[in-house]
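Structural description and commentary
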Amino acid sequence: MNVIPPAFFAAFFAMTAISLHAVEIVAHRGFSERAPENTVAAFKLAWEHGADACELDLHLTADGEIAAIHDKDTKRTTGVLKVVKDSTLAELRALDAGSWKDARHAGERIPSLAECLATMPEGRGRFFLEIKCGPEVVPVLARQLEAWKPRAAQLCIIAFDREVARESKKALPWLKVFRLSSEVTKDKRPVDLAALIADTKADGLDGLDLGLKWNWNEEMARQIRAAGLELYVWTVNKPEDARRLAALGVDGITTDDPVMLREALK
Ligand code: G3P
Ligand code: CA
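An account of the accompanying structure is given in this report. (Residues numbered from 1 in each chain as written. Chains lettered and ligands numbered in written order. Predicted model: local features only at pLDDT ≥ 70, side-chain atom pairs only at ≥ 80, totals over all residues. Heavy atoms only, no water.)

Focus: the pattern of salt bridges
- This model, assessed by the stated rule, comprises 23 salt bridges.
- Ionic pairing is found between Glu146 and Lys149, a salt bridge with its closest N-O pair at 3.4 Å.
- Exposure remark for Lys149: the relative accessible area of 40% places this residue in the partly exposed category.
- Connected via shared salt-bridge partners are Arg29, Glu37, Asp57, Asp71 and Arg76. (Salt bridge = Lys/Arg side-chain N within 4 Å of Asp/Glu carboxyl O. Buried < 20%, exposed > 50% of the residue type's maximum accessible area, 1.4 Å probe, protein only.)

Describing the coordination of the calcium ion (ligand 2)
- For the calcium ion (ligand 2), every protein donor is listed as Glu55 (OE), Asp57 (OD) and Glu130 (OE), and the spread of their distances is 2.0 to 2.3 Å.
- Sequence positions of the residues that donate to the calcium ion (ligand 2) give the spacing E-x1-D-x72-E. With Asp57 in strand β2 (residues 53-60) and Glu130 in strand β4 (residues 127-131), the pair connects residues that are 73 residues apart, well separated along the chain. Grouping residues by exposure puts Asp57 and Glu130 together as buried. (Donors = N, O, S within 2.8 Å, 3.2 Å for Na, K, Ca; no water. Helix = DSSP H or I, 4+ residues; strand = E, 2+ residues; numbered from the N terminus.)

A word on the site of ligand 1
- Taken together, His28, Arg29, Glu55, Asp57, His70, Glu130, Lys132, Ile158, Phe160, Leu180 and Trp234 form the complete shell of residues around ligand 1.
- With respect to ligand 1, the side chain of Glu130 contributes an N or O atom lying 3.0 Å from an oxygen atom.
- Here an oxygen atom of ligand 1 sits 2.7 Å away from a polar atom, N or O, in the side chain of Lys132.
- Contact with the protein chains removes 90% of the 290 Å² of surface that ligand 1 exposes when unbound.
- Per-class residue counts for the shell around ligand 1 are 4 nonpolar, 2 polar and 5 charged. (Near = heavy atom within 4 Å. Polar contact = N/O pair within 3.5 Å; in protein donor to acceptor, adjacent residues only side chain to side chain. Areas by Shrake-Rupley, 256 points an atom, 1.4 Å probe, with all protein chains shown as cover. Nonpolar A, V, L, I, M, F, W, Y, C, P; charged D, E, K, R; others polar.)

Section: helix α8 (residues 193-202)
- Every buried residue of α8 is accounted for by Leu193, Leu196, Ile197 and Thr200. The buried side chains of α8 occupy one side of the element, clustering within an arc of 100° when seen end-on.
- On its buried face, α8 sits against β6 (176-181), β7 (207-211) and α9 (218-226).
- Its side-chain oxygen placed 3.0 Å from the backbone nitrogen of Ala194, Asp192 serves as the N-cap of α8.
- Looking one or two places after α8, you find Gly204, whose phi comes out positive at around 75°. (Arc of directions from axis to C-beta. Contact = heavy atoms within 4.5 Å.)

Some words on the pairing of strand β1 (residues 24-27)
- Taking every second residue as pointing to the same face, both faces of β1 are buried, with Glu24 and Val26 on one and Ile25 and Ala27 on the other.
- Relative to strand β9 (residues 252-255), β1 runs parallel, the two sharing 4 bridges. Bridge pairing in β9 places Glu24 opposite Gly252.
- Pairing geometry for β1 and β2, over 2 bridges, is parallel. (Pairing = 2+ DSSP bridges.)

Overview of the side chain of Thr74
- For Thr74, the position within the fold is in the loop between β3 (66-68) and α3 (75-78).
- In this structure the side chain of Thr74 is engaged in a polar contact, spanning 2.5 Å, whose partner is the backbone oxygen of Val80.
- The contacts of Thr74, once residues within four sequence positions are left out, are Ile69, Gly79, Val80, Leu81, Lys82, Val84, Leu92, Leu95 and Ile110.

A short note on helix α7 (residues 162-171)
- For α7, the full list of buried residues reads Val164, Ala165, Ser168 and Lys169. Looking down the long axis of α7, one finds its buried residues gathered within 130° of arc, a one-sided arrangement.
- If you follow the buried residues of α7, they end up packed against β4, α6 (138-145), β5 (155-159) and β6.
- Its side-chain oxygen placed 3.0 Å from the backbone nitrogen of Glu163, Asp161 serves as the N-cap of α7.

A short note on the packing of aromatic side chains
- Taken as a whole and assessed by the stated rule, the structure comprises 6 aromatic pairs.
- Ring centres of Phe43 and Phe127 lie 5.2 Å apart, and the angle between their planes is 80°; this geometry places the pair in the edge-to-face category. Pair noted here: Phe43 is in helix α2 (residues 40-48) and Phe127 is in strand β4, with a separation of 84 residues, a long-range link. Each member of the pair, Phe43 as well as Phe127, carries the same accessibility label: buried.
- Geometrically, the ring pair formed by Trp47 and Phe127 is edge-to-face, given 5.5 Å between the ring centres and 90° between the ring planes. Of this pair, Trp47 sits in helix α2 while Phe127 sits in strand β4, and the two are 80 residues apart along the sequence. Here the two residues Trp47 and Phe127 agree in accessibility, since each one is buried.
- Ring-pair connections join several aromatic residues into one group, and the members of that group are Phe43, Trp47 and Phe127.
- The lysine or arginine in question, Arg76, covers the ring of Trp100, its NZ or CZ lying 5.9 Å from the ring centre. (Phe/Tyr/Trp six-rings, centres within 6.5 Å; stacked < 30°, edge-to-face > 60°. Lys NZ or Arg CZ within 6 Å of the ring centre and 35° of its normal.)

Written as structure tokens, this is what we have:
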């Protein structure tokens, strides 16, 4: 009888361990490399190409709706200047949010949050909802997400603003909330990682989602892990960066190109 060598079991369990810690691939503003960012087309394309998650940007509109758009106004992505907080969702939806990317995307609309969420496959995927405006959106978001409680694992909230992140966690304790941070403050001073970790813990948040320009290293990852926080990184568009960050044990990587990322991490 053939005896299976112990080395086989060791290799099998090692492989299992790696797959259990697979890096979550998050499509930044949808599959924004190939489709206009923050549109239904970009989210559908990301799901079709096997993205584990999609990230999107949210603003409150003048009529109390939530629109998916990155900037405070529509100029860059529609060619027409409308300030989101001063416009109704209908006014925003009248604009063409696809042509700027490519003529074949003409007619893509600025979607509502609900339209974006509706693209997510049942039982697979997750949306990283980035709140770009102030905490005034939080009660509206809490109302709109109420029906998503049974699918809580398929949503999380991310925000740069400390108050927005803290208020989100208070209003939606059933959702994970991650604090976003660049490596420098608005006035270009380096962010103190220890203070950021302490604030994130004090606010009861679940993790950090940090920019690629941080001085990523093992000690940094260790400190964040030791605090019991999850760790994500944005926006990674080079295979060598993806491999370096995956080797540090990040939970997920946000990218404009989820196909490139999947290939890089094979
Ligand atoms: O996922 C976080 C990342 O999207 C933050 O930067 O400017 O692309 O919203 P930004
Ligand atoms: Ca974003």
